[in-house]
Amino acid sequence: MHKRILAGTAALLLTGMVTAGALAATPAPAAPNAAEMQKKQENRCADRTARMTGRLAYLEAKLKPTADQRGAWTKWRDTVMANAKAREQQCLQMPMRAEHKRLSIVERQAMLETTLSVRLEALRASRPALEALYKTLDDNQKKILDRAGDLENSHFARGKHAREHPFENRRGGWNASGQSTEAPAPATQQ
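Keep in mind that this is a model prediction, so the values were computed, not measured.

Scoring rules and cut-offs
- Residues take numbers from 1 onward in each chain, read along the sequence in its written order.
- Per-residue local features of the predicted model are confined to residues with pLDDT of at least 70, and side-chain atom pairs are confined, for both listing and counting, to 80 or more; whole-chain, interface and lining totals are unaffected and use all residues.
- Remark: hydrogens and water are excluded; side-chain values derive from all non-hydrogen atoms of the structure.
- Within this document, salt bridges are pairs made up of a side-chain nitrogen of Lys or Arg and a carboxyl oxygen of Asp or Glu, the two lying within 4 Å of each other.
- Helical segments are the DSSP runs of H or I of at least four residues, strand segments are the runs of E of at least two, and each set is numbered from the N terminus.
- Relative accessible area decides the class of each residue, using a 1.4 Å probe on protein chains only: under 20% of the type maximum gives buried, over 50% gives exposed, and in between gives partly exposed.
- Lines fitted to the C-alpha atoms define the axes, with helices restricted to the stretch that makes contact. Angles between their N-to-C directions range from 0 to 180 degrees.
- The cut-offs work like this: below 35 degrees is roughly parallel, past 145 is roughly antiparallel, 65 to 115 is roughly perpendicular, and the gaps in between are oblique.
- The hand of a helix crossing depends on one turn: near helix anticlockwise from the far one by less than a right angle means left-handed, and clockwise means right-handed.

Brief notes about the pattern of salt bridges
In the structure shown here, the tally under the stated rule is three salt bridges. In this structure, R77 and D78 form a salt bridge, with 3.3 Å as the shortest nitrogen-oxygen distance. Two residues, E131 and R127, come together in a salt bridge whose shortest N-O distance is 2.7 Å. Of this pair, E131 and R127 both sit in helix α5 (residues 105–136), four residues apart, roughly one helical turn. The exposure class of E131 is partly exposed, given its relative accessible area of 38%. Accessibility expressed as a relative area gives 53% for R127, which makes it exposed.

Set out below in structure tokens:
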């Protein structure tokens, strides 16, 4: 019995040493060069525009705009896509992630201000077209569009972890059961 255990242990040790030797002989992957990193950023920026195109196509299929609504839909869709392309261009001008870590807090704040300004301009540009479209929709279509959320600023509208914690808000709000999560107001003395 002891011989079997000893033989099994020796076999495991030998296998582990062979595996460790093979892993040690494998060279580490080379760090990406500047051209590869630039291409990766270009793809990431273009992906945002592609996702927006897909969201709009899906929304159009769900809404099924009528002939009377087609003009308002097209105007809003074109405005949203123009905004998406402007954000793509802004994304391309941003420093790559590796460079971003080296920026000072002042530089990062300036970048955030620029990003938020572009988003605010996009909201202002698309709002009139959205309002015009919304007026043409029937109640069912309005529900579909309302559920779609804020397409252009979905990160801000729903939060980064919305899928994991729906309807939660640390500062208060409504949970998935429809119960208020706000702390009770402090009692006032009279």
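So that's the structure; there's more coming.
Overview of the packing of helix α2 (residues 34–63) against helix α3 (residues 67–93)
It is at 9 Å that the axes of α2 and α3 come closest, and there the two elements cross at 165 degrees. Taken as axis vectors, α2 and α3 run roughly antiparallel relative to one another. Considering how the two elements wind past one another, α2 and α3 form a crossing that is right-handed.

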